[in-house]
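Next come the chains, spelled out residue by residue.
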Amino acid sequence: MCVIAHPLVPSPITVAGMTIRGPHVPAGLSLQFWGVRGSTCASGPDFIEFGGHTPCVEVRCGERLFILDAGTGLNALGAHHRDRLPQRIDLLFSHLHLDHVGGLPFLKPAILDPAREIHTWCGNLDGASAAEPLGRLFAPPLFPITLDAMPARFVHHGFRSGESLAFPDGATVDTIPLLHPQGATGYRFRHAGRTACYISDIEHSDPWPDPDLLRFVAGADLVVYDGMFTQGEYPACRGWGHSTWQKGVELCRDGGVGRLAIIHLYPQHTDAMLREIEQQMQEVMPTAFIARERQEVALGAEVALGADVPVGAVRVPEPV
Ligand SMILES: [Zn+2]
Ligand SMILES: [Zn+2]
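What counts and how
Residues numbered from 1 in each chain as written. Chains lettered and ligands numbered in written order. Predicted model: local features only at pLDDT ≥ 70, side-chain atom pairs only at ≥ 80, totals over all residues. Pairing = 2+ DSSP bridges. Helix = DSSP H or I, 4+ residues; strand = E, 2+ residues; numbered from the N terminus. Contact = placed C-beta atoms within 7 Å. Axes fitted to C-alpha atoms, helices over the stretch in contact; angles between N-to-C directions. Core = buried A, V, L, I, M, F, W, Y, C linked by C-beta atoms within 7 Å. Buried ≥ 20, exposed ≤ 12 C-beta atoms within 10 Å, placed from the backbone.

Here's the deal with the sheet that holds strand β11 (residues 165–166)
- If you trace the seven strands from one edge of the open sheet to the other, you get β11-β12-β13-β14-β15-β16-β17, paired in mixed fashion. Each edge of the open sheet is held by one strand with a lone partner, namely β11 and β17 (288–290).
- Relative to β17, strand β16 (residues 259–263) is paired through three bridges, and the arrangement is parallel. Across the sheet, residue A261 finds its bridge partner in β17, namely F289.
- Packed onto the sheet, helix α5 (residues 245–255) meets β15 (222–226), β16 and β17 and runs at close to 155° relative to β16.

Some words on the nonpolar core
- Membership of the largest hydrophobic core comes to 80 residues, with the highest contact counts inside it found for V57, A196, C197, V223, V224 and L260.
- Each residue touching L260, except ones within four places of it in the same chain, is listed here: V223, Y225, G248, V249, C252, M285 and A288.

Some details on unusual backbone geometry
- With an omega dihedral of 5°, the bond running from K108 to P109 counts as a cis peptide bond.
- Among the structural elements, P109 can be located in the loop between α2 (98–101) and β9 (117–122).
- Put simply, W208 and P209 share a cis peptide bond, and its omega is 0°.
- Residue position: P209 is located in the loop between β14 (194–199) and α4 (211–217).
- The phi torsion at A192 lies on the positive side, around 50°, for a residue other than glycine.
- Of note, A192 is situated in the loop between β13 (184–191) and β14.
- On the basis of neighbour count, A192 is assigned to the partly exposed category, with 14 C-beta atoms found within 10 Å.

Some details on α5
- All buried positions along α5 are accounted for by W245, K247, G248, V249, L251 and C252.
- Taken together, the buried residues of α5 touch α4, β15, β16, α6 (271–284) and β17.
- Downstream of α5 by one or two residues, G256 has phi in the positive range, about 60°.

What to know about the environment of G52
- On the secondary structure map, G52 appears in the loop between β5 (29–35) and β6 (56–61).
- Linking G52 and G73, residues 21 residues apart in sequence, is a C-alpha distance of 8.5 Å.
- Excluding anything up to four places from it in sequence, G52 contacts R37, C41, A42, S43 and F47.

See the structure below:
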């Protein structure tokens with residue numbers, strides 16, 4: 001019997017000998033944003049709609065799970081999925097700056113389960129893995145225990161940005177180096193005829209778009225892009241390794257990209273400011289949006305029990 005897990009509904013349904021856990025089985029490519037803030041967290045009444053957690057994005061290629069970055073949003077991801085996370089978890093780092101790794105020891109309850117393996121992937125350290133820098137960060141006196149002391153087993157993989165990653169189950173993910181202090185890695189996921197790219201953290205080059213990056217994102221259904229600064233803020237922040245939504249739109253327009261999601265939001269940009277920025281952006285690119293914490297984007301048709309989910313559907317759950 002074939003058992004298909006769906007993260008949203010735990011109780012199984014059996015149809016024609018096939019057990020389906022959930023109202024529909026995701027056949028396509030989908031993303032869920034668990035942290036969209038950059039550099040540091042935000043909190044308070046002005047940050048409810050877009051959220052305050054630092055970067056963490058869930059990517060599903062059918063049932064196959066990837067987690068992009070381990071910002072503080074990783075805690076919310078773990079708390080949501082709990083035991084439904086797979087035994088092996090692949091966590092792909094854009095890079096190791098604090099806002100992208102700070103949530104790592106808080107992937108609960110998975111990290112407290114000795115049966116789990118957490119595989120980290122890091123591409124901006126000349127082929128070295130994240131083991132040594134994470135070992136320095138998560139150790140006394142900065143953190144009470146080391147990752148090795150956690151019940152879950154960590155396996156750290158190093159690669160060079162630009163290489164394609166091949167996983168034991170046959171899944172592959174393409175990567176590209178990004179312009180950022182100490183470097184960063186962009187990722188491209190292809191599944192069921194759909195393509196999504198995660199391009200953060202990045203500072204746009206001059207001229208722009210960068211030809212290699214343009215080729216990398218060309219024809220993608222969705223690009224998730226670092227739009228931290230407004231054009232007005234950018235000159236004072238040049239060299240910090242971040243970009244603007246306008247550069248994201250230029251990249252997507254030239255690359256024939258379907259949708260653009262802006263992340264790595266500036267911690268002092270309030271909901272009201274971001275709504276206004278989104279409106280300006282949508283006047284230029286109607287399919288672009290600023291990602292909200294917990295927002296889901298489905299890029300493939302789903303095999304539905306009852307109703308089809310339209311391609312490209314975006315669902316923003318009620319705040320929890
Ligand atoms: Zn960052
Ligand atoms: Zn960074």
